[in-house]
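Each chain is listed here by its residues.
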Amino acid sequence: MAAKIYESFPKRLMEEVHRWGAMKQTGVSLRYMMEFGSRPTLRNLLISAQFLHKELPIRIARRAIELESLPYGLSQKPAVLKVRDWYLDSFRDLRSFSEIKDTSDELEFTQMIKMIKVRHNNVVPTMALGVQQLKKSLDPKIDYEDLDEIHQFLDRFYMSRIGIRMLIGQHVALHDPNPPPDCVGYIHTKMSPVEVARIASEDARSICLREYGSAPDVNIYGDPNFTFPYVPLHLHLMVFELVKNSLRAVQERFMDSDKVAPSIRIIVADGIEDVTIKVSDEGGGIPRSGLPRIFTYLYSTAKNPLDEHSDLGTANVATMAGYGYGLPISRLYARYFGGDMQIISMEGYGTDAYLHLSRLGDSQEPLP
């Protein structure tokens, strides 16, 4: 089997991947990205590109190596082979780019990493498809408790992907000649969590309206003028996911009831260490036995947008159910900058989700 996989990639490339995968990764903090990026001089862009030229191949090589040795034959599933090929192509692109000496090299390099980021756009649903292909082939009579190993791999894999996309996105965004006020690349130095939560809630409600024809209200409590430095894109993704889950639970619970659906409450609190965002619903909660499952990648009952039968082109339409990766991936986004996410449930009443975001911005990227 192994011989077949390697056909398309020369042995020399694989040796190079293993050599780079053994090198040490270098993490950066939110604060460092913010301070460094606040002066996007040509010299700083050059330094940033030179850093990425060395750092990205290390991070990508590590993932390519892990993709080769997954348990239960997951590595051989067609969807996973496709992801592995994307990683190897990107590694090869980075390694065949010669030394970055001046601004014209830097601009060319920036175009290339932009392309790499696009190449990897569908990694999450494609890996999800690989896991589904695996589940179909496993014996349903066996209890795969040790699918834990796959879960841990996916946590590492997706966490690393968040880091790679943050580094590329940040570098590319620093080239914007007219950045929005208070923005340093992806980082908004004066982000209002109340404002981001409001937009994310509206986005989630519009999907709920489209799917169910009605949607519970969302009320937000907190000081709209309070700001702190963070990545609005990440916060939007997390709040959107939590609100969407709450809307769905409330909607399903009150759909056939004559009672009016209770609103969802979002509370934003600013502490000294953390900014905490709580999303509370009265959607009936989750049984305690089901709680450990909500953060796994293996239990979703929802349909994958990239399922064998669907067209890849339509895969970007968000649905209420998603494909079951929303919560675990949102938690990784929270942890990426030193925060966390927890879900507390009262079965028969509702669920409270707590999103903790670190205010200090000093924590280093986690480097799986």
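In this numbering scheme, every chain counts its residues from 1 along its sequence in written order. Confidence filtering applies because this is a predicted model: local features only for residues at pLDDT of at least 70, side-chain atom pairs given and counted only at 80 or more, and all residues used for totals across whole chains, interfaces and linings. Calculated side-chain values reflect all of the structure's heavy atoms, with hydrogen atoms and water omitted.

We now examine the overall build of the chain. Helix and strand definitions here come from DSSP, where helices need a minimum of 4 consecutive H or I residues and strands a minimum of 2 consecutive E residues; each element is numbered from the N-terminal end. The secondary structure content of the chain amounts to eleven helices and eight strands. Going through the 368 residues of the chain one by one, you find that 49% of them count as buried. Note on contacts: a residue pair is in contact if any heavy atoms of the two residues lie within 4.5 Å. If you take every contact in the chain between residues at least 6 apart in sequence, the share linking residues at least 24 apart comes to 79%. For the chain, the computed accessible surface area is about 17900 Å², with 54% contributed by carbon and sulfur atoms. Three exposure classes are used, based on accessible area relative to the maximum for each residue type with a 1.4 Å probe and protein chains only: buried under 20%, partly exposed in between, and exposed over 50%. Note on areas: Shrake-Rupley with a 1.4 Å probe; residue coverage comes only from the protein chains shown.

By convention, a stacked pair of Phe, Tyr or Trp rings (six-membered ring in the case of Trp) has centres within 6.5 Å and planes under 30 degrees apart, an edge-to-face pair has planes over 60 apart, and any other such pair is tilted. Within this structure, the stated rule accounts for twelve aromatic pairs. Measuring from ring centre to ring centre gives 6.0 Å for Phe-226 and Phe-228, while their planes differ by 5 degrees; the resulting arrangement is stacked. Considered together, Phe-226 and Phe-228 belong to a single accessibility category, that of buried residues. Pairwise contacts between aromatic rings join Tyr-87, Phe-153, Phe-157, Tyr-158, Tyr-297 and Tyr-325 into one cluster. Here the basic side chain of Arg-331 rests over the ring of Phe-295, its NZ or CZ set 3.9 Å away from the ring centre. Only Lys NZ and Arg CZ are tested; either one counts as a charge over a ring when it is within 6 Å of the ring centre and within 35 degrees of the ring normal.

So, on to the sheet that holds strand 7 (residues 340-346). DSSP-based pairing: two strands are paired if at least 2 bridges between them are found. On the basis of which strands lie adjacent, the open sheet formed by five strands has the order 3-5-6-8-7 and mixed pairing. The two strands at the open ends of the sheet, each matched to only one other strand, are strand 3 (218-221) and strand 7. For this sheet the average axis-to-axis angle between neighbouring strands, irrespective of direction, equals 15 degrees. Both strand 7 and strand 8 (residues 350-358) contribute to a ladder of seven bridges, which runs antiparallel. Its bridge partner being in strand 8, Ser-345 is matched across the sheet by Thr-351. Axis definition: a line fitted to C-alpha atoms, limited for helices to the stretch in contact. Angles are taken between N-to-C directions and run from 0 to 180 degrees.

This part is about the side chain of Arg-161. On the secondary structure map, Arg-161 appears in helix 8 (residues 148-173). Buried within the structure, Arg-161 lacks any salt-bridge partner; its nearest side chain of opposite charge belongs to Asp-155, at an N-O separation of 12 Å. A polar contact is formed between the side chain of Arg-161 and the backbone oxygen of His-120, at a distance of 2.9 Å. Once residues lying within four places of it in the same chain are set aside, the contact partners of Arg-161 are Tyr-87, His-120, Asn-121, Val-123 and Val-124. In this count, Lys and Arg are taken as positive residues and Asp and Glu as negative ones, while His and the chain termini are left out. The rule for a salt bridge is simple: a side-chain nitrogen of Lys or Arg has to be within 4 Å of a carboxyl oxygen of Asp or Glu. The term polar contact refers here to a pair of N or O atoms within 3.5 Å; inside protein, the definition further demands a hydrogen-donor-capable atom paired with an acceptor-capable atom, and it admits residues adjacent in sequence only when both atoms are side-chain atoms.

Fair warning: the whole summary comes from geometry, so function is off the table for now.
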